[in-house]
Every structure is written in structure tokens, then in C-alpha cells.
Amino acid sequence: MKIDTQIQKISSFQHLELLANQIVEGFISGMHKSPFHGFSAEFAEHKIYNSGESTKHIDWKLFAKTDRLYTKRFEEETNLRCHLIIDNSSSMHYPKLNDGQFFYENKIGFSVLASAVLMNLLKKQRDAVGLSIYSDSYEYYAQEKGSERHHRMLLNQLEQVLQSSKVSKKTDAITFLHQIAEKIHRRSMIILFTDMFQGEDDERLFKALQHLKHNKHKVVLFHVIDKKTEFSFNFDNTPRKFIDLETGEQVNLFAENVKDDYEKLVQGYFEKVANTCAMYKIKYVPVSVDEKFEKILTTYLVEKQKFG
């Protein structure tokens, strides 16, 4: 029985890694017409060979293609430090997946796969990556490293998020975003995946987001939603029971009766978040679970170039 369980775990782990790699490779293959001139098809990092340096690390394959000498850069020559943060509260496990749906068709699955995709890209670029996961507790923290062992440890942790039981967990973003901000000492790009559902004062949440920018960090906020139902409120007009996944609070209503008012309130909230992030110089990117991952990767590359 233990062997069967382990085989299933390994198979699942490889599936996430393989899927992330396929997404990145597909994205890279389409980059030849892109504006990102600093990235080769393999995303290998090189520097120009200087006369007198050791020839040990010259990339001879690249020399054959370009007739110029470059040396390979290694993991310890990290160009970027990136810390990924995932909100794992109960609201992130919406919508409930039916049989036959992919794990990334709800908010937590989308965020996990997006994080794995970014980790794959960071690995190809020899960059260091760290990970934090929070809900009503600080569930996981790993500082930024670039080793293969570290990369696999983070992938395994992402798999555990997908496999964990769906217990009711509220969001304590304010507390843990402040704690995460205190842990990241070296200048980094910080990428947060959250649905921005929290029951506390918005201003305190925005102050916690602003705290992430201390030490000259760059912060990217991916606001993850199910656009069809959470933004557009597209439900048929049969009577429905709506349940708050974090508090258990319930309300019975006909969707058609509240659709217009709901959409106005949501639109207003999104505009408030976007305007506040702009004021704090936080990159704000709303993403829906039915979108592809090009927006995630393109945003990362653009912000990395700006980050310098």
C-alpha cells in the first residue's frame, strides 16, 4: 500500500513539472517575434569571454553558431531573486471542480501551476526562487535559492497544496504579508497570487502590500478570479444558495435580481485595488482561471527588464 501511494505521489509530481515545462517551452518557441531581445531560445545565460580568462567554461556550440566567444554563467551567478507567494485560503479553492476538470481550473490550481511555470522559467535563467504559502497560518516558507534540489523541494510543496484536504481556512493576509516582508532581506521580485478576498480593513491590507516593497523590492500582484461567476456573475435564474467558503455564511437568492448591483460593486472594488496598487507602484494584473499563462510569463519578463 505504501509503494502504491508513493508511486501515485511521484506520478503527480512529474505531471505538474511536465505540464509547467510544456507551457514554458511553448511560450519560448513563440518568442522569436517578441520584443525580449535579451533571451535566447534556451534561456541560457552567457557573458562575453574576455581575453586572459579561463577557457574552461566557453560555450563552443554557441561559438559555432555566432563565431563569438561566450562563457556560461552558473547558478551562483544569479541575476535575479524571486519570491512567490500563494494565498491558500478556502476562497482560493473556488470553483469546485467536477469530474473531468483539470486541477488548474480553479483559483488555487491555477495559482499553483502558474507558480510552477514561473519556477521553470526562473530555473532556465539560473535565477533564485523562494516560496511562501499562507491562509489562516503561515503554512510554508523557503528562502530564495537556485539549486536543482531546492527547485524540486518547492515543486513537491506545490503538489502538497493540490493534494491537501479542503478544510475551511480564512485569510489572514495582513499578518503574513508583513511577516513575509520582514523575511526577504535581499532585493527581490515578489510575485503574489491571491483573490483579494479578506474580511479585514482594505487600507490595512494595502499597507501590508506596500510593506512588501521595502528594501526596493518589485511587487507583482496577480489578482486571481473566476471571471465568469465572480466578476460577471453569470448564473441562470434558478434559486441558488451561495455559501461563503471561509465563514460558512449562506444566502438564498435569484442571481438575476442582484446581478447589476453585484457587478457594479465588483467593478468598483477592482478599480480601487488597481488605483491603490498604481499609487504604491505595485504591478497589478487581474487574471482569470480560464485564461492561458502567456499573461503570467509576459508580465514576468517585462517586469524583470524594468527591475534591472
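Position labels on residues start from 1 in each chain and follow its written sequence. Note on the predicted model: pLDDT of at least 70 is required for a residue's local features to be given, and 80 or more for side-chain atom pairs to be given and counted; whole-chain, interface and lining totals, by contrast, use all residues. The side-chain quantities take in all heavy atoms of the structure and omit both hydrogens and water.

(A) Region of interest: the sheet that holds strand β10 (residues 283–288). Paired strands, in this sense, are two strands between which DSSP finds at least two bridges. A run of H or I in DSSP becomes a helix once it reaches four residues, and a run of E becomes a strand once it reaches two; helices and strands are each numbered from the N terminus. Reading across from one edge, β5-β4-β3-β6-β7-β10 is the order of the 6 strands in this open sheet, with mixed pairing throughout. Where the open sheet ends on each side, the last strands, each with one partner, are β5 (138–145) and β10. Along the sheet, successive strands turn relative to each other by an average axial angle of 15°, direction set aside. In this sheet, strand β6 (residues 189–194) lies alongside strand β3 (residues 81–87) in parallel orientation, the contact comprising 5 bridges. When the sheet's bridge partners are listed, Cys82 is paired in β6 with Met189. Think of each axis as a best-fit line through the C-alpha atoms, taken over the contacting stretch in the case of a helix, with angles from 0 to 180 degrees between the N-to-C directions.

(B) Fine view of unusual backbone geometry. A cis amide bond links Tyr94 to the next residue, Pro95, at an omega of -5°. Mapped onto the elements, Pro95 comes out in the loop between β3 and α3 (107–124). Although it is not a glycine, Met196 sits at a positive phi angle of roughly 60°. Along the polypeptide, Met196 turns up in the loop between β6 and α6 (202–211). Of note in this structure, Lys216 is not a glycine but carries a positive phi near 60°. Of note, Lys216 is situated in the loop between α6 and β7 (218–225). Looking at Lys216, the relative accessible area reads 68%, which means it is exposed. Working definition: with a 1.4 Å probe on protein chains only, accessible area under 20% of the residue-type maximum means buried, over 50% means exposed, and in between means partly exposed.

(C) Quick look at helix α4 (residues 148–163). Helix length check: α4, at 16 residues, gives a terminal C-alpha distance of 23 Å against a target of 22 Å (1.5 Å per residue), a fit within 8%. When we look at burial in α4, the residues that qualify are His150, His151, Leu154, Leu155, Gln157, Leu158, Glu159 and Val161. A helix's residues, less one, multiplied by 1.5 Å, set its expected span.

(D) Molecular detail of the packing of α3 against helix α9 (residues 294–307). For the pair α3 and α9, the least separation of the axes is 10 Å and the interaxial angle reads 45°. Considered as vectors, α3 and α9 are oriented oblique to each other. Between α3 and α9 lies a crossing whose hand is right-handed. Contacts between α3 and α9 involve Phe110, Ala114, Val117, Leu118, Leu121 and Leu122 from the first element and Ile296, Leu297, Tyr300 and Leu301 from the second. If an angle is under 35 degrees, it is roughly parallel; if it is over 145, roughly antiparallel; if it lies from 65 to 115, roughly perpendicular; otherwise it is oblique. Handedness of a crossing follows from how the near helix is turned relative to the far one, being left-handed for an anticlockwise turn of less than a right angle and right-handed for a clockwise one. For this analysis, residues touch if any pair of their heavy atoms sits within 4.5 Å.

(E) Quick peek at the pairing of β3. A large share of β3 lies buried, amounting to 7 of its 7 residues. By the alternation rule, side chains of β3 split into Arg81, His83, Ile85 and Asp87 and Cys82, Leu84 and Ile86, which are all buried. Here, the term right-handed applies to a crossover whose path from the first strand over the helix to the second runs clockwise when the strands point away from the viewer. This β-α-β element, β3 to α3 to strand β4 (residues 128–134), shows right-handed connectivity.

(F) Region of the structure containing the packing of helix α5 (residues 173–183) against α6. At a closest axis distance of 8 Å, the pairing of α5 and α6 adopts a crossing angle of 15°. Taken together, the axis directions place α5 and α6 in an arrangement best described as roughly parallel. At the point where α5 passes α6, the crossing takes the left-handed sense. Along the contact surface, α5 presents Ala173, Ile174, Leu177, His178, Ala181 and Glu182, while α6 presents Arg204, Leu205, Lys207, Ala208, Leu209 and His211. Per-class residue counts for the contact of α5 with α6 are 7 nonpolar, 2 polar and 3 charged. As a working rule, the residues Ala, Val, Leu, Ile, Met, Phe, Trp, Tyr, Cys and Pro are called nonpolar, Asp, Glu, Lys and Arg charged, and the rest polar, with Gly in that last group.

(G) Inspection of the side chain of Glu230 at higher detail. Positionally, Glu230 belongs in helix α7 (residues 227–231). For Glu230, a relative accessible area of 10% corresponds to the buried category. Setting aside residues up to four positions removed in sequence, Glu230 forms contacts with Tyr94, Lys107, Phe197, Ile225, Tyr262 and Val266.

(H) Up close: the packing of aromatic side chains. Put simply, two rings from Phe, Tyr or Trp (the six-membered ring, in Trp's case) pair if the centres are within 6.5 Å, and we call them stacked under 30 degrees between planes, edge-to-face over 60, tilted for the rest. Considering all chains together, one arrives at 9 aromatic pairs under this definition. Measuring from ring centre to ring centre gives 5.3 Å for Phe102 and Tyr104, while their planes differ by 0°; the resulting arrangement is stacked. Where Phe110 meets Phe293, the ring centres are 4.8 Å apart and the plane angle is 15°; that geometry is what we call stacked. Of this pair, Phe110 sits in helix α3 while Phe293 sits in the loop between β10 and α9, and the two are 183 residues apart along the sequence. Phe293 matches Phe110 in its accessibility class, with the two residues each being buried. A connected cluster of aromatic rings, assembled from ring pairs, spans Phe102, Phe103 and Tyr104. The cationic tip of Lys183 hangs over the ring face of Tyr141; the distance from NZ or CZ to the ring centre is 4.5 Å. When the NZ atom of lysine or the CZ atom of arginine is within 6 Å of a ring's centre and also within 35 degrees of its normal, the charge is said to sit over that ring.

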